[in-house]
Amino acid sequence: MAPFSTRQPRSRALPAVVLLGLLSTAALSACSDPGAAASGASAGSSGAPATTAARNGVVYNTSPDQQRIRADKDAALAAKVPALIGKDGKLTVATTAGSIPLSFHATDDKTPIGSELDIAQLVADKLGLELDIQVTSWENWPLKTQSGDFEAVFSNVGINKDRVKLFDFASYRAAYMGFEAKKSSTYNIQGADDISGLKISVGSGTNQEKILLAWNKELEAKGKEPASLQYYPSDADTILALSSGRTDLNIAPYPSTLYRENTRDDLKVVGKVNAGWPSESLVAATTLKGNGLAPVITEALNSAIKDGSYAKVLERWGLSDEALPESKTVTEANFASTQKGL
């Protein structure tokens with residue numbers, strides 16, 4: 001198992017320019033929050049090894065002993081790590097640990113695991129750094145990344161026009177949201193018309209919610225009944241409401257809905273939408289704007305893509321369909337042009 005650090009995050013002075021440019025938490029967090037979607041995870045006994053054989057052929061390891069896919073250090077890339085970041089020999093990565101198979105707690109209820117952290121491990125390996133994982137809430141990662149507590153965020157963060165004002169990105173996966181429903185349902189969600197009058201659970205302040213609110217405006221403009229958005233205090237409550245029929249649909253990161261479809265007998269995916277609707281978006285490693293780390297992470301990801309370790313990680317978690325052929329650095333300066341290229 002890769003080294004796991006529980007040390008306290010480091011504090012650095014918040015640059016005045018960042019303070020002046022600080023956007024609202026809602027604007028920053030309105031995207032692919034895995035923590036806002038029900039994970040469907042069931043905790044095993046403390047420390048007990050656990051695997052789940054899914055119908056898609058993937059055997060998910062949910063134990064603390066991950067035996068992660070590793071990569072060799074690239075000395076040339078390691079030399080490009082900004083001195084302030086690499087001086088302690090660690091890459092401090094934030095994650096929300098809120099959604100199988102992306103980022104969640106293992107069966108010991110404390111070790112963060114998942115595809116996001118496996119990809120972060122590859123990057124850390126390539127850069128010759130120890131991976132230092134810090135679990136945080138979705139609402140807190142923007143400010144803590146600005147303050148220097150976190151050097152990168154790997155937690156299903158999508159690139160959007162608000163975030164590029166404060167952060168730089170290194171893309172590594174496609175970004176989709178999935179609609180899930182009871183297996184007995186006949187829903188086929190393609191757009192606004194298909195959710196009219198339905199009860200849909202969604203995380204507050206997420207891009208999922210943003211999409212639904214926009215679709216409801218479309219419905220109201222047509223004189224149709226909007227969907228009723230439902231908010232639940234926990235992941236377990238969200239899925240219980242769906243499986244018991246109190247809600248008709250749940251919208252969540254697509255990998256999580258697909259995981260539940262393949263590991264449960266009562267739920268299925270009934271629709272898929274790009275997380276950046278009506279535009280498109282990608283999931284990316286998130287770093288403080290202008291600190292020079294994002295381009296280095298991009299190179300590390302492309303090295304992992306080239307040597308095959310990236311593909312092995314996605315295959316391990318059943319996410320091969322969301323693989324990218326190339327990682328790209330996205331900043332405020334090139335955001336518009338990268339959108340056109342999606």
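Since we're looking at a predicted model, the values are computed, not measured. (Residues numbered from 1 in each chain as written. Predicted model: local features only at pLDDT ≥ 70, side-chain atom pairs only at ≥ 80, totals over all residues. Heavy atoms only, no water.)

Draft legend 1. Layout of the packing of aromatic side chains. Throughout the structure, instances matching the rule amount to 8 aromatic pairs. Geometrically, the ring pair formed by W141 and F167 is tilted, given 5.3 Å between the ring centres and 50° between the ring planes. With W141 in helix α6 (residues 141–147) and F167 in strand β8 (residues 167–174), this pair connects stretches of sequence that are 26 residues apart. For W141, a relative accessible area of 0% gives the class buried. Classification of F167 as buried rests on a relative accessible area of 0%. Ring geometry for F154 and Y172: centres 5.5 Å apart, planes at 25°, overall stacked. Of the two residues, F154 is situated in the loop between β7 (152–153) and β8 and Y172 in strand β8; the sequence distance between them amounts to 18 residues. Given the relative accessible area of 0%, F154 is considered buried. What makes Y172 buried here is its relative accessible area of 1%. Of the aromatic side chains, those joined through ring pairs into one cluster are Y60, F104, Y259 and W317. Of note, K272 hangs over the ring of Y176, and the distance from its end group to the ring centre comes to 4.4 Å. Positioned over the ring face of Y254 is K272, at 4.2 Å from the centre of the ring. (Phe/Tyr/Trp six-rings, centres within 6.5 Å; stacked < 30°, edge-to-face > 60°. Helix = DSSP H or I, 4+ residues; strand = E, 2+ residues; numbered from the N terminus. Buried < 20%, exposed > 50% of the residue type's maximum accessible area, 1.4 Å probe, protein only. Lys NZ or Arg CZ within 6 Å of the ring centre and 35° of its normal.)

Draft legend 2. Spatial organisation of helix α5 (residues 115–126). The end-to-end C-alpha distance of α5 is 17 Å, a good match for the 16 Å that 12 residues give at a rise of 1.5 Å each. Within α5, 12 of the 12 residues are buried, which leaves it mostly tucked inside the rest of the structure. Once α5 finishes, G128 follows within two positions and takes phi at roughly 70°, a positive value. (Expected span 1.5 Å × (residues − 1).)

Draft legend 3. Here's a closer look at the pairing of strand β9 (residues 176–182). Within β9, 5 of the 7 residues are buried, which leaves the element mostly enclosed by the surrounding structure. As paired strands, β9 and strand β13 (residues 267–274) are joined by 7 bridges and run antiparallel to one another. Within β13, the residue paired with F179 across the bridge is G271. With 4 bridges joining them, β9 and strand β12 (residues 249–253) adopt antiparallel strand pairing. (Pairing = 2+ DSSP bridges.)

Draft legend 4. Geometry of the nonpolar core. Residues F154, F179, I195, L212, W215, L249 and I297 are the most contacted members of the largest nonpolar core, which totals 79 residues. When neighbours within four sequence positions are excluded, I297 is seen to be in contact with V123, A152, F154, A170, A285 and T287. (Core = buried A, V, L, I, M, F, W, Y, C linked by side-chain atoms within 4.5 Å. Contact = heavy atoms within 4.5 Å.)

Draft legend 5. Structural context of the side chain of T145. Structurally, T145 is set in helix α6. Setting aside residues no more than four positions away along its own chain, T145 makes contact with F150, V153, F167, T287 and L288.

Draft legend 6. Fine view of the sheet that holds strand β11 (residues 228–230). Spatially, β11-β10-β12-β9-β13 is the arrangement adopted by the 5 strands of the open sheet, whose pairing is mixed. The outermost strands of the open sheet, each flanked by one partner alone, are β11 and β13. Strand-to-strand, the axes of this sheet are offset by a mean angle of 30°, without reference to chain direction. For strand β10 (residues 199–201) and β12, the ladder comprises 2 bridges, and the chain directions are parallel. Directly across from I200, in β12, lies its bridge partner L249. Packing of helix α7 (residues 207–221) onto the sheet brings it into contact with β9, β10, β11, β12 and β13, and relative to β12 it is tilted by some 135°. Packing of helix α8 (residues 235–244) onto the sheet brings it into contact with β9, β10, β12 and β13, and relative to β9 it is tilted by some 45°. (Axes fitted to C-alpha atoms, helices over the stretch in contact; angles between N-to-C directions.)

Draft legend 7. Structural context of the pattern of salt bridges. A complete count under the given rule lists 14 salt bridges for this structure. Ionic pairing is found between K222 and D193, a salt bridge with its closest N-O pair at 3.0 Å. Here K222 is found in the loop between α7 and β11, whereas its partner D193 is found in the loop between β9 and β10, with 29 residues between them in sequence. Overall, K222 belongs to the partly exposed group, its relative accessible area being 47%. With relative accessibility at 39%, the residue D193 sits in the partly exposed group. Through salt bridges with shared partners, a single ionic network connects R68, D118 and R316. (Salt bridge = Lys/Arg side-chain N within 4 Å of Asp/Glu carboxyl O.)

Draft legend 8. Region of interest: the packing of α5 against helix α10 (residues 293–307). The geometry of α5 relative to α10 is characterised by a closest axis approach of 9 Å and an angle of 105° between their N-to-C directions. By the criterion of interaxial angle, the relationship of α5 to α10 is roughly perpendicular. Between α5 and α10, the contacting residues are I119, L122, V123 and K126 on the first element and I297, A300, L301, S303, A304 and D307 on the second. In terms of residue class, the contact of α5 with α10 is built from 7 nonpolar, 1 polar and 2 charged. (Parallel < 35°, antiparallel > 145°, perpendicular 65-115°, else oblique. Nonpolar A, V, L, I, M, F, W, Y, C, P; charged D, E, K, R; others polar.)

Draft legend 9. Focus on the environment of S115. With respect to the secondary-structure elements, S115 resides in helix α5. By relative accessible area, which is 0% here, S115 ends up buried. Taking C-alpha positions, S115 is 6.2 Å from W317, a pair spaced 202 residues apart along the chain. Setting aside anything within four residues of it in sequence, one finds S115 in contact with P101, L102, V313, W317 and L319.

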